Structures are given as structure tokens and as C-alpha cells.
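Residues per chain are reported as follows:
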Amino acid sequence: MGGAIALKQADKNILERRKQIVDDLTDLLPPGTVISDKHELVPFETDGFIAYRQLPLVVTLPRTTEEVSKILKYCARYKLPVVPRGAGTSLSGGAIPQGDAVVVGLSRMNRILDIDFENRAAVVQSGVTNLAISDAVSADGFFYAPDPSSQLACTIGGNIGMNSGGPHCLKYGVTTNNLLGVKMVLFDGTIIELGGKALDSAGYDLLGLVCGSEGQLGIVTEATVRLIAKAEGARPVLFGFETSEGAAACVADIIGAGLIPVAIEFMDKPAIEICEAFAKAGYPLDVEALLIVEVEGSEAEMETMLAAVIEIAKRHGVKTIKESQSPTEAAQIWKGRKSAFGATGRIADYICMDGTVPLSKLTEVLRKTGEIVASYGLRVANVFHAGDGNMHPLILYNINDPQDAAKAEEAGNDILKLCVDAGGCLTGEHGVGIEKRDLMRHQYSEADLNQQMAVRAAFDPDWILNPSKVFPLEGRPQ
Ligand SMILES: Cc1cc2nc3c(=O)[nH]c(=O)nc-3n(C[C@H](O)[C@H](O)[C@H](O)COP(=O)(O)OP(=O)(O)OC[C@H]3O[C@@H](n4cnc5c(N)ncnc54)[C@H](O)[C@@H]3O)c2cc1C
């Protein structure tokens, strides 16, 4: 009886504390900035990694850096967990809130502040979508290079959080190679600026540290990004292969020969069928694997590179070669590839793994991936950035069957361990998030992890920012 009364009192205290936090934030911020209604919180309970769900305590949608600063100052005072959120498309659970978290959503900070062609740079608020940057400069012959398939929705802040990539990052690099500066709010509300329009800055490369830090070192409110001039021409070419091994070996040989096309994307047979059924992209259906190789430059440059690539492909049993004949056909080819995740979602639930391997190990890892997934009685479709060795096995399963879901998770873990054991890495572009935090021990020694956590603690001593992500829960400083 006494226990029950004590529990009730504890529950009451928690409810009162929650109400106090919501009231305080409401008072602190302009009207309409705070969301606390249970139903309105639902869209924020998960992200692209739908395996976990958790309602946040409250969501704030600030419009300015100063408002972000006020929120963080308040949260630091009471040591409240804060989860930064862009569009919530993370595939590793990076934006999933934990219990009683204050979510800081950046979606309203969506203005392009400055386009500066002379310095080939754009300054944007962090809630601007990836594609909006290229759209804003396209008519002037420029683009922003990193192109995640989610680029219509995902924000530049989320891209920085995850150091995101995309099909065209083979030639131009991922987010970290295209980021020049940030304005960022630290855990206690302090506003700092790192980098700028110049190509380098003095002192430690803190910008490099922030890119890929999954919202744990601060909340980015503005980003200065590199703009790149569009090439004279660009042409995706489809190479259909008799075997997946042939296609994978072809990729390693293209890169090994010193050729850097703009993109080399791989699809196995299940992926080809899924994407073709959805996008009618003109993919050949009588092959076991497909490479999309995009070349760019003048007509002569494209012809020269293409000839060298075709020569290599012939050595690996290429069965069909199809060059896109028009901008519409080229767009259709990319539509097929870029809608791969959505198209797969039409036929099954899936988890998308994201590991990177040295190119010399592509063939072996692909084969073993198939064996692992089959050993759990599940199916897999592979569609990935082959030129970067960044693999994305999509493990198909039934989310409503707990046994199936557990098998898919285990198969995924085995595949990521396989990537690490092959000399690769747990993530290529989707980050660690919740999904891979316990696998970090497979990649890093205790000393390695402690050093990373020490860096994190130097920015955020109380572990307020996105605390449940990236590092294994056990063994953290308390
Ligand atoms: C269909 C689909 C296709 C995808 N394709 C790709 C792909 O090709 N390449 C790729 O790399 N990824 C891809 N992704 C994954 C995802 O889109 C990227 O990780 C993207 O960068 C996330 O951006 P977001 O705005 O949705 O960020 P969120 O998911 O909201 O957040 C991602 C992480 O960044 C942190 N964060 C967000 N905003 C800020 C900020 N302003 N300051 C500090 N931290 C912040 C969050 O806390 C979280 O840890 C895909 C996802 C989907 C659903």
C-alpha cells in the first residue's frame, strides 16, 4: 500500500515536471513554437529506421539561431536530453527521440541566405533541403554535389549530422568534402562559427569533427556549402552482367585503372526487378547484375572514359551495354536507382544495411551477404554505391512477425561484422544512430572508443545532445 502511494507520488512528480518543462519552453519561445499535444507529437516518434518508436516529451520548432540557443540554455540548466531533427529520414535511428527528450526540429529554418558564385559558395539555414540548394543554382550552371536519394526531403543539417553521400559522391566526395563552414549552437546555448567561404581555416579542423557527429556536438543552424559548376555533358550508361561477381570485379578494375566516373551504382537481380517494375527505367531484366556508370565532361572526354570502361567491362562478362540517348532517358535511369528504397517498400518491409568494404573485397562480401541472409531464411536485394564500396543490402522481412524481425536484425548485424572483418567500416553514409551503436565495439578497441567519447564530452560534458546514439550504452561515463 505504502509502495503504491509512493509510486503515485513519483508519477505525480514526473507529470508535474513535464508540465513545468512544456510551460517554461512555451514562455521562452514565440507562440506556435512548442508542440506538446500527444497526437501532434506522433510524427516525431520515429524516423526512417522505423523499428523503434518513442514519443518525445515536447517538440520545439525554432525559426532562428537565437531561439535554438535559448532552448539549449534551458535544457542544459536542467540536464534535459535534446534530440536535433531535420526531416527525420535517418535510416539508423539518429533522429528517434528517447523518453522525455526535447526535440529541436529545424524544418522551419529553411531559408537560403546567400548565393555567392564568385566564391562558389552558398550559405543556407540548416533546415533547407538538399535538393533545394541545387534547384536554386541550377539555372546558373551550378549544383551542390552530395545527392542522397532522399534529397527531396532530407535537410542539410541532417546531411551534416550523418556526413551523407549519394550516387554522385564518387567523383565529388561526400558532405564533409563539400562543407565549408557552419554556425552552430553548443549544448549550453553558446553560438560558434567554424570555417567560412575560404577553402581552409587556421587551427584544429573542428568542422571535420562536426560533420558526421550525429547531432552530439551541437545543433547546426547555418551551413556554408561548396557550389560546383556543372559539366558540359553527362551520360549514364547501363552495363548488364551475367554474374554479380563479374559486375563487382569490373568496379574494382575501373577504379584500379585510375578511372573516376561520376558514379558507379550496382544492382543485383532482385533490385533490378523491383526498380524496373516501379520506374520503367529501361533496365535489362535478363541479367544477374547491373552497373549504372555515369561519365561527364565534353563529348570527347565522355567517349574516352566510356571506351576505357567498356574495355574493362568486356573482360568481366558484360552482356548488354545501353547508353542513355536523351536527358529524359538519363533522368529515367536515375529515377529507377533513386527510388530503390521506396520501390522495395512496395513489396516488403525491409531494413537497409550500410557498410563499406575495400573494393578488392566487394565480390567476396556480396557472396557472403547472400549466404548470411539465406541462412536466416530471408531474402535480400542489393543496390549500392559500388564505386565507393558502400554496400546497401536491403533485407526483406515481415515487420509484423517478431521472429522475422529478430532474424532480419541478426542477419544485418552479421553483415556489418562481415564488412568490418573485410577491412571495411560499419557505416558508409547512414551513420551509427541507435542501429549500430552496440556494434561499435566490433569496429573499435576500448581505447579508441574512450577517445571518441572524450571528444564528445569536451563539447557536451553532461551528454545532453542526442545521448542514446552512436556509443554503446554500457561503458559510458555516468
Ligand atoms: C528513401 C531514403 C533514401 C536515402 N538515401 C540516402 C543516400 O543515398 N545517402 C545517404 O547518405 N543517406 C540516405 N538516406 C538517409 C538519410 O536521408 C540521411 O541520413 C539524411 O542526411 C538525413 O537527413 P534528415 O534531414 O532527414 O536528418 P534527420 O534524420 O532528422 O537526422 C539525422 C541525424 O542528424 C542530426 N541532425 C539533424 N539536423 C541537425 C542539425 N541541424 N544539427 C545537428 N544535428 C542534426 C540528428 O540528430 C540525427 O542524428 C536515405 C533515407 C531514405 C528514407
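Residues numbered from 1 in each chain as written. Predicted model: local features only at pLDDT ≥ 70, side-chain atom pairs only at ≥ 80, totals over all residues. Heavy atoms only, no water.

## Details of the overall build of the protein chain
When helices and strands are counted, the protein chain shows 17 helices and 20 strands. By the compact-globule yardstick of 23 Å for 478 residues, the protein chain fits well, its C-alpha radius of gyration being 23 Å. Viewed in the frame of its principal axes, the protein chain has a C-alpha envelope of about 75 × 55 × 40 Å. Looking at the protein chain residue by residue over its 478 residues, the buried ones come to 53%. The long-range fraction of contacts in the protein chain, counting pairs at least 24 apart against all pairs at least 6 apart in sequence, stands at 71%. Put simply, the protein chain shows about 20,400 Å² of open surface, and 53% of that area lies on carbon and sulfur atoms. Once the 44 positive and 61 negative side-chain charges of the protein chain are each reduced to a mean point, those two points are 5 Å apart. (Helix = DSSP H or I, 4+ residues; strand = E, 2+ residues; numbered from the N terminus. Rg over C-alpha atoms; globule rule 2.2 N^0.38 Å. Buried < 20%, exposed > 50% of the residue type's maximum accessible area, 1.4 Å probe, protein only. Contact = heavy atoms within 4.5 Å. Areas by Shrake-Rupley, 256 points an atom, 1.4 Å probe, with all protein chains shown as cover. Lys, Arg positive; Asp, Glu negative; His and termini not counted. Charge placed at Lys NZ, Arg CZ, Asp CG, Glu CD.)

## Structural notes on the packing of helix α9 (residues 244–256) against helix α14 (residues 362–375)
For the pair α9 and α14, the least separation of the axes is 8 Å and the interaxial angle reads 150 degrees. The pairing of α9 with α14 is recorded here as roughly antiparallel in orientation. Every pair of crossing elements has a handedness; the one defined by α9 and α14 is right-handed. Two secondary-structure elements touch here, α9 through Ser244, Glu245, Ala248, Ala249 and Val251 and α14 through Leu362, Thr363 and Leu366. Considering only residue class, the contact of α9 with α14 consists of five nonpolar, two polar and one charged. (Axes fitted to C-alpha atoms, helices over the stretch in contact; angles between N-to-C directions. Parallel < 35°, antiparallel > 145°, perpendicular 65-115°, else oblique. Left-handed = near helix turned anticlockwise from the far one by under 90°. Nonpolar A, V, L, I, M, F, W, Y, C, P; charged D, E, K, R; others polar.)

## Description of the site of the ligand
Taken together, 34 residues are adjacent to the ligand, and Pro84, Thr89, Ser150, Thr155 and Ser164 come closest. Here an oxygen atom of the ligand and a side-chain polar atom of Thr89 are 2.6 Å apart. At 2.9 Å, a backbone N or O of Val220 approaches a nitrogen atom of the ligand. Mapped onto the shell around the ligand, the elements with two or more residues apiece are β3 (82–85), α5 (156–162) and β10 (219–226). Among the elements that take part in the shell around the ligand, α5 stands out by supplying five residues, more than any other. Within the shell around the ligand, the residues separate by chemical class into 11 nonpolar, 20 polar and three charged. Viewed by domain, the shell around the ligand spans two of them, domain 1 (2–105) and domain 2 (112–229), each represented by three or more residues. (Near = heavy atom within 4 Å. Polar contact = N/O pair within 3.5 Å; in protein donor to acceptor, adjacent residues only side chain to side chain. Domains from an automatic or database assignment.)

## Remarks on the side chain of Glu429
Inspection of the secondary structure assignment puts Glu429 in the loop between α15 (402–421) and α16 (440–443). A distance of 3.5 Å separates the side chain of Glu429 from the side chain of His430, its partner in a polar contact. If near-sequence neighbours (up to four positions away) are discounted, Glu429 is found in contact with Met162, Asn163, Ser164, Gly165, Gly166, Asp354, His385, Asn390 and His392.

## Observations concerning the sheet that holds strand β1 (residues 34–35)
One open sheet holds the four strands; their spatial order is β1-β2-β4-β3, and the pairing between them is mixed. Since the sheet does not close on itself, it has two edges, and those belong to β1 and β3, each with one partner. Inspection of the sheet shows β3 paired to strand β4 (residues 102–105) by four bridges, in the parallel sense. Residue pairing in the sheet places Pro84 in a bridge with Val104 of β4. Strand contacts of helix α3 (residues 65–77): β2 (58–60), β3 and β4, with the helix running at about 165 degrees to β4, the strand carrying the most contacts. (Pairing = 2+ DSSP bridges.)

## Some remarks on the packing of aromatic side chains
Going through the model one piece at a time under the given rule, you end up with seven aromatic pairs. Each ring, one from Tyr74 and one from Tyr78, has its centre 5.0 Å from the other, and the planes form 55 degrees; the classification is tilted. Overall, the relative accessible area of 10% leaves Tyr74 in the buried class. Consider the rings of Phe143 and Tyr172, whose centres lie 5.5 Å apart with planes at 80 degrees: the pair is edge-to-face. Within this pair, whereas Phe143 is found in strand β7 (residues 142–143), its partner Tyr172 is found in helix α6 (residues 169–172), the two being separated by 29 residues in sequence. Tyr172 sits in the buried class, given a relative accessible area of 17%. (Phe/Tyr/Trp six-rings, centres within 6.5 Å; stacked < 30°, edge-to-face > 60°.)

## Let's talk about the nonpolar core
If you look at the biggest cluster of nonpolar residues, it comprises 57 residues, and the most contacted ones within it are Phe239, Phe241, Ile264, Phe266, Leu291, Leu362 and Ile395. With seven residues, α15 is the largest single contributor of residues to this core. When residues of this core are assigned to domains, at least three map to each of domain 3 (234–341) and domain 4 (348–421). Those residues within four positions of Ile395 in sequence are excluded, and the remaining contacts are Asp349, Tyr350, Ile351, Met353, Val373, Leu378, Arg379, Ala408, Ala411, Gly412 and Ile415. (Core = buried A, V, L, I, M, F, W, Y, C linked by side-chain atoms within 4.5 Å.)

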